[in-house]
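Summary of structural features
What follows is each chain in one-letter form.
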Amino acid sequence: KNTADASEAANASSTSSESNENQETGTFTEAIGIGGMQFLYRDARTASGYQQGHAYDLTADQGNELLVVRIKAQNTTKKSLRIDMPSQNMTFQASYGDQTVASDMTLLMNDLTTYQGTFKAGKGRNMLLLFQFPKGTVKDVNKVQYSVKKGSTTVSIDKAKSKKN
């Protein structure tokens, strides 16, 4: 069995990346895929910057504006769960028209891309994804498309389903 697995892995790595890409549609919960955790899409808005308390102020790069996306992360189990998002090797992307950007990684305590911490049993927390688009690009936040890339799989996010589960 192990030799078959090793040869499959070798074959997979030697094929071109285009043929190896998997496109799927799902929710943020499915795309992130952390057992016992639910990730619900709340809303999004554009802003010139984002401030967290008095300690941290994030301003978009010159000529850009931020797309601030709120995600509710919820532990659905009866035990505490330790979450280490950077180790998940995920890329969050937002697309509007022909423009696609990856999320910024920030030092914000509630940045989903960089979050490392524990969710107590049954507890939730409001998290953020921050994207920078050229100013004026995003005219309707409801038309932004999101995707999560993990390994060779890219999941296009169904926002309507992501609000429920």
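Here goes a summary of the coordinates provided. Being a predicted model, the structure only gives us computed values, none of them experimental.

**Structural notes on the overall build of the protein chain**
- Tallying secondary structure elements over the protein chain gives four helices and 12 strands in all.
- Expressed as a percentage of the 165 residues in the protein chain, the buried residues total 38%.
- Contacts spanning at least 24 positions in sequence make up 74% of the contacts within the protein chain whose residues lie at least 6 apart.

**Some words on the pattern of salt bridges**
- Tallied over the full model, the rule gives one salt bridge.
- Asp43 is paired through a salt bridge with Arg70; the nearest N and O atoms lie 2.8 Å apart. Taken together, the positions of Asp43 in strand S2 (residues 37-47) and Arg70 in strand S5 (residues 64-75) put the pair 27 residues apart, joining distant regions of the chain.
- Residue Asp43 is classed as partly exposed on the basis of its relative accessible area of 30%.
- Its relative accessible area of 37% is what places Arg70 among the partly exposed residues.

**Quick word on the sheet that holds strand S12 (residues 153-157)**
- Judged by pairing direction, the sheet is mixed, and its five strands sit side by side in the order S1-S12-S11-S7-S8 without closing on themselves. One side of each edge strand has no neighbouring strand; the edge strands of this open sheet are strand S1 (22-26) and strand S8 (99-102). Neighbour to neighbour, the strand axes of the sheet diverge by 25° on average, direction disregarded.
- One ladder, built from five bridges, connects S1 with S12; its direction is parallel. In the sheet register, Asn22 faces S12, and the bridge partner there is Thr153.

**Side note on the nonpolar core**
- Membership of the largest hydrophobic core comes to 33 residues, with the highest contact counts inside it found for Phe28, Phe92, Phe131 and Tyr146.
- Formed by eight residues, the second largest nonpolar core is a distinct cluster that contains Ala60, Val68, Leu128 and Leu130.

**Here's the deal with the sheet that holds S5**
- If you walk across this open sheet you meet the three strands as S2-S5-S10, and the pairing is antiparallel. Every other strand in the sheet has two partners, leaving S2 and strand S10 (124-134) as the edge strands with one partner each. Across the sheet, the axes of successive neighbouring strands diverge by a mean angle of 20°, strand direction being ignored.
- In terms of strand pairing, S2 meets S5 through 10 bridges, oriented antiparallel. Note that in S5 the partner of Gln38 across the bridge is Gln74.

**Looking at unusual backbone geometry**
- For Asn89, which is not glycine, the phi dihedral falls at a positive 50°.
- By the element assignment, Asn89 lies in the loop between strand S6 (81-84) and strand S7 (90-96).
- Looking at Asn89, the relative accessible area reads 61%, which means it is exposed.

Conventions adopted
- Residues numbered from 1 in each chain as written.
- Predicted model: local features only at pLDDT ≥ 70, side-chain atom pairs only at ≥ 80, totals over all residues.
- Heavy atoms only, no water.
- Helix = DSSP H or I, 4+ residues; strand = E, 2+ residues; numbered from the N terminus.
- Buried < 20%, exposed > 50% of the residue type's maximum accessible area, 1.4 Å probe, protein only.
- Contact = heavy atoms within 4.5 Å.
- Salt bridge = Lys/Arg side-chain N within 4 Å of Asp/Glu carboxyl O.
- Pairing = 2+ DSSP bridges.
- Axes fitted to C-alpha atoms, helices over the stretch in contact; angles between N-to-C directions.
- Core = buried A, V, L, I, M, F, W, Y, C linked by side-chain atoms within 4.5 Å.

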